[in-house]
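# Examination of the molecular architecture
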Amino acid sequence: MTETDSKTSPVWVEEIRLTDAGRSLDITFEDGQKHQLSAEYLRVESPSAEVQGHSADQKTCVGGKANVAIIKIDPVGNYAVRLTFDDMHSTGIFSWDYLLKLGRDRDVIWPAYLERLETEGKSRN
């Protein structure tokens, strides 16, 4: 069980469903919020050390994931899931809090990612 930064009540996921041949993850939270997150977005924002590093200045900008798909979802306790992508990345543990943050803040996180890709001369493909 985890808590969000802005709330004191726990975040619970009611349903997680792969759609679009694993290219999208539909998440319904217990409070009724729904978010559809692309596999690409989840892959490039993976909470793994490989992507996030061990501090904010170590975050890696991962390119070339426009066509990645999720091939497996494994529960981690009652607070998270481990996603396995078809590029075999599977080290990120996506907590309910983190999935909610990715859904709520997508309009900020995704454009920042695209800008960083461009700055670093990388491509989504």
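Residues numbered from 1 in each chain as written. Predicted model: local features only at pLDDT ≥ 70, side-chain atom pairs only at ≥ 80, totals over all residues. Heavy atoms only, no water.

## Notes on the sheet that holds strand S1 (residues 13-19)
The test is simple: By definition, two strands form a pair when at least two bridges between them are found by DSSP. Working definition: helices are DSSP H or I runs of at least four residues, strands are E runs of at least two. Numbering for both runs from the N terminus. Inter-axis angles, ranging from 0 to 180 degrees, are taken between N-to-C directions of lines fitted to C-alpha atoms, where helices are fitted over the stretch in contact. Between two residues, a contact is recorded if the distance between any of their heavy atoms is within 4.5 Å.
One open sheet accounts for three strands, arranged S1-S2-S3; its pairing is antiparallel. Each edge of the sheet is formed by a strand with only one pairing partner; in this case those strands are S1 and strand S3 (34-38). When the angles between neighbouring strand axes are averaged without regard to direction, this sheet yields 15°. Helix H3 (residues 96-104) rests against S1, strand S2 (24-29) and S3 of the sheet, and its axis sits at about 85° to S3.

## Here we look at the sheet that holds strand S4 (residues 70-76)
Strand order across the open sheet formed by three strands is S4-S5-S6, with antiparallel pairing between neighbours. Whereas interior strands pair on both sides, the edge strands pair on one side only; in this sheet they are S4 and strand S6 (93-95). On average, adjacent strands in this sheet sit at an angle of 30° to one another, irrespective of strand direction. Relative to S6, strand S5 (residues 80-85) runs antiparallel, the two sharing three bridges. Bridge assignment links Val81 to a residue of S6, and that residue is Phe94.

## Considering the nonpolar core
Note the threshold: The criterion is simple. A nonpolar core is a set of buried Ala, Val, Leu, Ile, Met, Phe, Trp, Tyr and Cys residues joined through side-chain atoms within 4.5 Å. Relative accessibility thresholds used throughout: buried, under 20% of the residue-type maximum; exposed, over 50%; partly exposed, between the two (1.4 Å probe, protein chains only).
One finds Leu42, Leu83, Phe85, Phe94, Leu99 and Leu102 to be the most contacted residues of the largest nonpolar core, which totals 28 residues. Broken down by secondary-structure element, the contributors of at least two residues to this core are S2, helix H1 (39-44), S5, H3 and helix H4 (106-119). Of all the elements, H3 adds the most residues to this core, at five residues. The residues contacting Leu99, other than those within four sequence positions of it, are Ile27, Phe29, Leu37, Leu42, Val81 and Phe94.

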